[in-house]
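Coordinate inspection notes
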Amino acid sequence: MRKTDEKYIAYVQILKEELVPAMGCTEPIALAYAAAKAREVLGELPDKVLIEASGSIIKNVKSVIVPNTNHLKGIPAAAAAGIVAGRSEKELEVIASVSPEEIERMKDFLADTPIEVQHINNGLTFEIVVTVYAGKSYARVRIVNYHTNIVLIEKDGEKLLEIEVEGEAEEGLTDRSLLDMESIWNFAMTVDIADVYEVLHRQYEYNMAISDEGFRGDYGANIGSVLLDMEGDNIRTRAKARAVAGSDARMNGCELPVIINSGSGNQGMTCSLPVIEYAHELKVSEEKMYRALTLSNLLTIYQKTGIGRLSAYCGAVSAGAAAGAGIAYLCGGGYEEVAHTIVNALAITSGIVCDGAKASCAAKIATSVDAGILGYNMFIRGQQFYAGDGIVTKGVDGTIRNVGRLGKEGMKETNEEIIDIMVGGKC
């Protein structure tokens, strides 16, 4: 693929848009970002807060620990962190720098300030509206469709910013319809590594650091350590445990940033860390490792484009299949092996549901990465799933489209049922 090709230019930009740093689970951080911005516009500490959020936001914020809050959890905690200590200009690192005094002020704010949470359904999967009040004055910030997409800033009836929202289109981002399996493969094999080095090297450094911390610390259910103790120190187990340890830490209050993919730190770690572990084991060149990471990251984004940012479909499935594809390439596989790895992996794990961000995400990551590795090993042994086997259809792109349809359309009611189970009919 030539540097002047439309897809080459787009793919470089897509990686820059998606592989960005975030502190903590991205949905509570997006909420903290909106709250920080609203407080900034208000100009003072509010005496009342209203949070309106779509069901998928409520689901993903409810059970996860917000970093830099001394283990506070949930929607009011995320909003309080943003209001008291947030720096909105840092976007998804909005609460990366918090002092002990600010943590104490968060607790006081939560104790003293009414914070109302309402479940809204405006036909958008991803929607956050934060309104902060001080006496007769108010400020409102609305985010839709992706984590930093502020479409409304309002103060005391005056709209300081208003961007028209057209359904669930991701305004301002490079056209994801340019993604397809063969083009992604061609790009990954021909890209000038200098064009993607900065984002991929940062992903390597950030995600390895939080994975190391996951192994060192006591986080959640410690699935990464359990895997190594249970299955031993072989490359397949280490590849799974690498991603899992990062999730153990991230879902349970670790205050290190990660590089996300498709709006998710878990997906960013899942599609990168197993590939890095295999690259180390196989002692491949740095260039080959970065080509594998290019492949895995873009394949994750490609799969998630059809599903959407948030769904009842577990995003680790997409990232685990993509990691399997990156590993297939590192092990000497070509286009055919990589394509069949994706199809086989999706046939195995596409039934895993997302019931919010919490400790068990790490175990789902282990299963998804395992499916990616199994998918590759099936194909090199002459085994595969064929068109007509469930949702599998002819061609990898067709199967990915089927999975997108399943995750976006087919699981809408499932998502609502999961949310109802989790909140018991209350926000």
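Throughout what follows, the structure given in this document is the object of discussion. (Residues numbered from 1 in each chain as written. Predicted model: local features only at pLDDT ≥ 70, side-chain atom pairs only at ≥ 80, totals over all residues. Heavy atoms only, no water.)

With respect to burial, strand S2 (residues 48-53) is a largely interior element, five of its six residues being buried. One ladder, built from six bridges, connects S2 with strand S4 (residues 127-134); its direction is antiparallel. If you follow Lys-48 over to S4, its bridge partner there is Tyr-133. With five bridges joining them, S2 and strand S3 (residues 115-119) adopt parallel strand pairing. For Ile-51, the partnering residue across the bridge sits in S3 and is Val-117. (Buried < 20%, exposed > 50% of the residue type's maximum accessible area, 1.4 Å probe, protein only. Helix = DSSP H or I, 4+ residues; strand = E, 2+ residues; numbered from the N terminus. Pairing = 2+ DSSP bridges.)

The end-to-end C-alpha distance of helix H11 (residues 286-307) is 32 Å, a good match for the 32 Å that 22 residues give at a rise of 1.5 Å each. With 17 of 22 residues buried, H11 lies mostly within the body of the structure. Directly after H11, the chain includes Gly-308, whose backbone phi takes a positive value near 100°. (Expected span 1.5 Å × (residues − 1).)

Before going further, it helps to spend a moment on the layout of surface pockets. If you add up the space inside the largest pocket, you get close to 720 Å³. Along its surface, the largest pocket is lined by 38 residues, and Thr-125, Glu-168, Gly-308, Leu-310 and Lys-408 are the ones closest to its centre. A volume near 270 Å³ is recorded for the second largest pocket. Around the second largest pocket, the lining comprises 15 residues; the ones closest to its centre are Glu-17, Val-20, Glu-91, Leu-92 and Thr-148. Looking at the lining of the second largest pocket residue by residue, the classes come out as six nonpolar, three polar and six charged. (1 Å grid on protein atoms, 1.4 Å probe; cavity = no way out; pocket = protein on both sides within 12 Å on 5 of 7 lines; lining within 4 Å. Points joined across faces, edges and corners; volume = space filled by probe spheres on them. Nonpolar A, V, L, I, M, F, W, Y, C, P; charged D, E, K, R; others polar.)

Further remarks concern a negative patch on the surface. On the surface, a cluster of negative charge is contributed by Glu-413, Glu-416, Glu-417 and Asp-420. Its location among the elements puts Glu-413 in helix H16 (residues 412-423). (Patch = residues over 30% accessible without salt bridge, like charges linked within 9 Å, V, L, I, M, F, W, Y side chains within 5 Å. Areas by Shrake-Rupley, 256 points an atom, 1.4 Å probe, with all protein chains shown as cover. Salt bridge = Lys/Arg side-chain N within 4 Å of Asp/Glu carboxyl O. Lys, Arg positive; Asp, Glu negative; His and termini not counted. Charge placed at Lys NZ, Arg CZ, Asp CG, Glu CD.)

What follows covers the pattern of salt bridges. This model, assessed by the stated rule, comprises 24 salt bridges. Here Arg-87 ties to Glu-102 by a salt bridge, and the two come within 3.3 Å at their closest N and O atoms. In this pair, Arg-87 sits in the loop between helix H4 (75-85) and helix H5 (100-112) while Glu-102 sits in helix H5, placing the two residues 15 residues apart along the sequence. One salt-bridge network, held together by shared partners, links Asp-212, Asp-233, Arg-238, Arg-242, Glu-277 and Glu-281.

In this section: helix H10 (residues 265-282). Taking 1.5 Å per residue, 18 residues should reach 26 Å; H10 reaches 26 Å between its end C-alpha atoms and fits that length. Extensive coverage of H10 is indicated by the burial of 15 of its 18 residues. By the N-cap criterion, in which a side-chain oxygen at the helix start approaches the backbone nitrogen of a residue two or three places on, H10 is capped by Ser-264, the distance to Asn-266 being 3.3 Å. Directly beyond the C-terminal end of H10, a positive phi value near 55° is found at Lys-283. (Polar contact = N/O pair within 3.5 Å; in protein donor to acceptor, adjacent residues only side chain to side chain.)

It is worth spelling out the sheet that holds strand S6 (residues 150-155) at this point. Taken in spatial order, the six strands line up as S3-S2-S4-S5-S6-S7 in an open sheet, and their pairing is mixed. Edge positions in the sheet fall to S3 and strand S7 (158-162), since each has one partner strand and no second. Each strand axis lies, on average, 10° off the axis of its neighbour in the sheet, ignoring direction. Here S4 runs beside strand S5 (residues 137-144); their pairing, made up of eight bridges, is antiparallel. For Val-132, the partnering residue across the bridge sits in S5 and is Ala-139. (Axes fitted to C-alpha atoms, helices over the stretch in contact; angles between N-to-C directions.)

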